[in-house]
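Topology and contacts: notes
Residue-level listing of the chains:
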Amino acid sequence: MIHDHIVVGGGIVGLATGMTLLERNPGSSLALLEKESGLGLHQTGHNSGVIHAGIYYTPGSLKAELCRVGAAATKEFCTEHGIPFETCGKLIVATNDLEVGRMNALYDRSIANNVEVERIDAAELKRREPEISGLGALFVPSTGIVDYELVCQAMGRVIQQAGGALELNSPVTAIRESAAEVEVRSGERVWRTRRLIVCGGLQSDRLARMAGLPIEHQIVPFRGEYYRLPPSKNRIVSHLIYPVPDPELPFLGVHLTRMIDGGVTVGPNAVLGFAREGYRKGSITARDVVEYARFPGFWRTVLKNRRSAMTEMRN
Ligand SMILES: Cc1cc2nc3c(=O)[nH]c(=O)nc-3n(C[C@H](O)[C@H](O)[C@H](O)COP(=O)(O)OP(=O)(O)OC[C@H]3O[C@@H](n4cnc5c(N)ncnc54)[C@H](O)[C@@H]3O)c2cc1C
C-alpha cells in the first residue's frame, strides 16, 4: 500500500500537521510515525505549558500571525475536547529603567500584533500581585496555561478518528526518495508514501540528512532547568510573571509559571545540554556531545554569547 502522506514525529507540530492534512484531504490515507511509545514525550511534554498570546514577534511576520491565531485555535480545540486550560493572563514586569524602555517598545509591538495589552504602574502591579515588585508592568489578559501532553493525546485521537494510523515505537532509520514515492524504514518495517513531512523536533537535522538533503545547520541541545515551588506557595501569584526579555537573546527569561495542575514553577534558565533528549541534570549522550563539539557553528555561538552563557549557568 502507498500512503498519501506520512508524517514523522508525534510532537505538537507533527500532530497538528497530520490533523490538518486529514481535515483538508478527507478520505486520504495518512500514517504518523513516532519513535516513542507515546505522544508529546519530548519538547512538547517538557515545556512551560503556556499558551502564548503572540506579543514578542516582529509585526507582520508569519511567526507573529501563527502565535496569535494558534493561541485562539488551541483554546478552541481544548474547549471542544474537554481539556482543562485557564486564561490566567500574564504580567511582564520591568524592574529598572532599561527594562521600562524595553517594556514600552514591547507595548507598541503588542498593539501592532493585534494582541490586547494594558500598561500598569507600580501601585497597580502591587495591588494585582502583592508579592511582586517592579517599576511597572504589561498585562496580557489572553495568555493561558494547559497540559500540552493532554493536547497531543487528543490530537492523536482526532487523527485516528479521521482514518489516520498512529505508528508508535517506530523510529525512522532510513528515508529513500524516488521520482514516484518516498520509502520510509524503521528497522525491518517499510512504509511507502507520495509525500513525506518530517516534524522531528530535536532530531530534525539528522532526519534531513537521512533524506539526503544538503543542510548546513545542526541542533545543539540547550536545557531549561525549572524548580517547582512547594505546594504551600501555590497561591503566591495569580498570573504568570515574566521579566522583560532582552531582545538580543532568544529566551523569554526566568518566569514564575502557574501550572494547570495547580503548582508553580520557576524557570527556565538555558544551559548547554549533554544530550539532545536528556531531561535530567546528569543526562549525557556521547554521540550528541561529539557531534556538536565538531560543529564550527557551535563554537561561533559560544564565543558570541559567552556573557549570557555565564549568566544562565549562574541562574
Ligand atoms: C524550556 C522550554 C520551554 C518552552 N515553553 C513553551 C511554552 O510554555 N509554550 C509553548 O507554546 N512553547 C514552549 N516551548 C516551545 C515548544 O515546546 C516547542 O516549540 C514544541 O514543543 C516543538 O514541538 P515539535 O513537535 O517540533 O517537537 P517535539 O515535541 O520534540 O516532537 C518531535 C517528535 O519527533 C519524534 N522523532 C524524532 N526523531 C524521530 C525518528 N527518527 N523517528 C520517529 N520519530 C522521531 C520525537 O520522538 C518527538 O516526539 C518551550 C520550549 C522549551 C525548550
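Residues numbered from 1 in each chain as written. Predicted model: local features only at pLDDT ≥ 70, side-chain atom pairs only at ≥ 80, totals over all residues. Heavy atoms only, no water.

1. Focus: the overall build of the protein
We apply this condition: Only runs of H or I of at least four residues qualify as helices and only runs of E of at least two qualify as strands under DSSP, and these elements are numbered from the N terminus. Here the globule rule is a power law, 2.2 Å times the number of residues to the power 0.38, and the radius of gyration is based on C-alpha atoms. Only protein chains enter the accessibility calculation, which uses a 1.4 Å probe; a residue is then buried when its area is under 20% of its type maximum, exposed when over 50%, and partly exposed in between.
Within the protein, the secondary structure is distributed over 9 helices and 18 strands. What you see for the protein is a C-alpha radius of gyration of 21 Å, in line with the 20 Å of a compact globule of 315 residues. With the C-alpha coordinates of the protein rotated into their principal frame, the extents come out at 65 × 45 × 40 Å. Each of the 315 residues in the protein was classed as buried or not, and the buried ones make up 42%.

2. Some points on the environment of Val 198
Checked against the element boundaries, Val 198 lands in strand E12 (residues 189–198). Between the C-alpha atoms of Val 198 and Gly 9, which are 189 residues apart in sequence, the distance is 6.7 Å.

3. Structural notes on the sheet that holds strand E3 (residues 50–51)
Note: strands within a sheet are paired through backbone hydrogen bonds, in either parallel or antiparallel orientation. Rules: Being paired, for any two strands, means DSSP has found at least two bridges between them.
Spatially, the 3 strands line up as an open sheet ordered E3-E8-E4, and their pairing is antiparallel. With partners counted over all chains shown, the strands left at the sheet margins are E3 and strand E4 (85–86), one partner each. When E3 meets strand E8 (residues 144–146), the two strands line up antiparallel, connected through 2 bridges. Along E8, the bridge assignment pairs Val 50 with Ile 145.

4. A closer look at the site of the ligand
Note the cut-off: For this description, a residue counts as near a given molecule or strand if any of its non-hydrogen atoms is within 4 Å of it. The definition of a polar contact used here is a pair of N or O atoms within 3.5 Å, where within protein one atom must be able to donate a hydrogen and the other to accept one, and adjacent residues in sequence count solely through side-chain atom pairs. Accessible areas in this description were obtained via Shrake-Rupley with a 1.4 Å probe; residue shielding takes into account the shown protein chains only.
Not every one of the 29 residues close to the ligand is listed here, only the nearest: Glu 34, Thr 44, Asn 47, Val 50 and Val 172. In the environment of the ligand, an oxygen atom lies 3.1 Å from a nitrogen or oxygen atom belonging to the backbone of Val 13. At 2.7 Å from an oxygen atom of the ligand is found a side-chain nitrogen or oxygen belonging to Glu 34. In isolation the ligand has 1000 Å² of accessible area, and contact with the protein removes 79% of it.

5. Description of the sheet that holds strand E1 (residues 2–8)
The cut-off we apply is this: Axis angles are defined between N-to-C directions and span 0 to 180 degrees, where every axis is a line fitted to C-alpha atoms and, for a helix, only to the segment in contact.
Strand order in this open sheet of 6 strands is E9-E2-E1-E12-E11-E10, and the pairing throughout is mixed. The open sheet has two edge strands, strand E9 (165–167) and strand E10 (174–177), and neither has a second partner. With strand direction ignored, the average angle separating the axes of adjacent strands in the sheet is 40°. Pairing of E1 with E12 involves 6 bridges; the strand directions are parallel. Residue pairing in the sheet places Ile 2 in a bridge with Arg 192 of E12.

6. Here's the deal with the pattern of salt bridges
Where charged atoms from two side chains of opposite charge come close, those side chains can pair. Formally: Each salt bridge in this description consists of a side-chain nitrogen of Lys or Arg and a carboxyl oxygen of Asp or Glu lying within 4 Å of one another.
Inspection of every chain in the model, using the stated rule, returns 20 salt bridges. Here Arg 127 and Glu 124 are joined by a salt bridge, their closest N and O atoms 2.9 Å apart. Of this pair, Arg 127 and Glu 124 are both found in helix H4 (residues 122–128), 3 residues apart, which corresponds to roughly one turn of the helix. Between Arg 228 and Asp 261 there is a salt bridge whose closest N-O contact spans 3.3 Å. Of the two residues, Arg 228 sits in strand E14 (residues 227–228) while Asp 261 sits in the loop between strand E16 (255–258) and strand E17 (264–267), which places them 33 residues apart along the sequence. Asp 261 gets classed as exposed once you look at its relative accessible area, which sits at 56%. Within the structure, one salt-bridge network assembled from shared partners comprises Asp 205, Arg 206, Arg 276, Arg 287, Asp 288 and Glu 291.

7. Quick word on the nonpolar core
As a reminder, the rule being used: Here, nonpolar core means buried Ala, Val, Leu, Ile, Met, Phe, Trp, Tyr and Cys residues that are tied together by side-chain atoms lying within 4.5 Å of each other. Working rule for contacts: check all heavy atoms of both residues, and any pair within 4.5 Å makes them a contact.
Within the largest apolar cluster, 21 residues are counted, with the highest numbers of intra-cluster contacts made by Leu 15, Phe 77, Ile 83, Val 146, Val 151 and Ile 159. Of all the secondary structure elements, the ones that give two or more residues to this core are helix H1 (12–24), strand E2 (30–33), helix H2 (62–81) and helix H5 (148–161). Broken down by element, the residue count for this core peaks at 6 residues, all from H5. In contact with Leu 15, other than residues within four places in its own chain, are Gly 9, Gly 10, Leu 32, Leu 39, Cys 152, Met 155, Gly 156 and Ile 159. Core analysis: the next-biggest nonpolar cluster, separate from the first, contains 18 residues, Val 50, Cys 88, Val 140 and Tyr 242 among them.

Just geometry here; none of it tells us what the structure is for.
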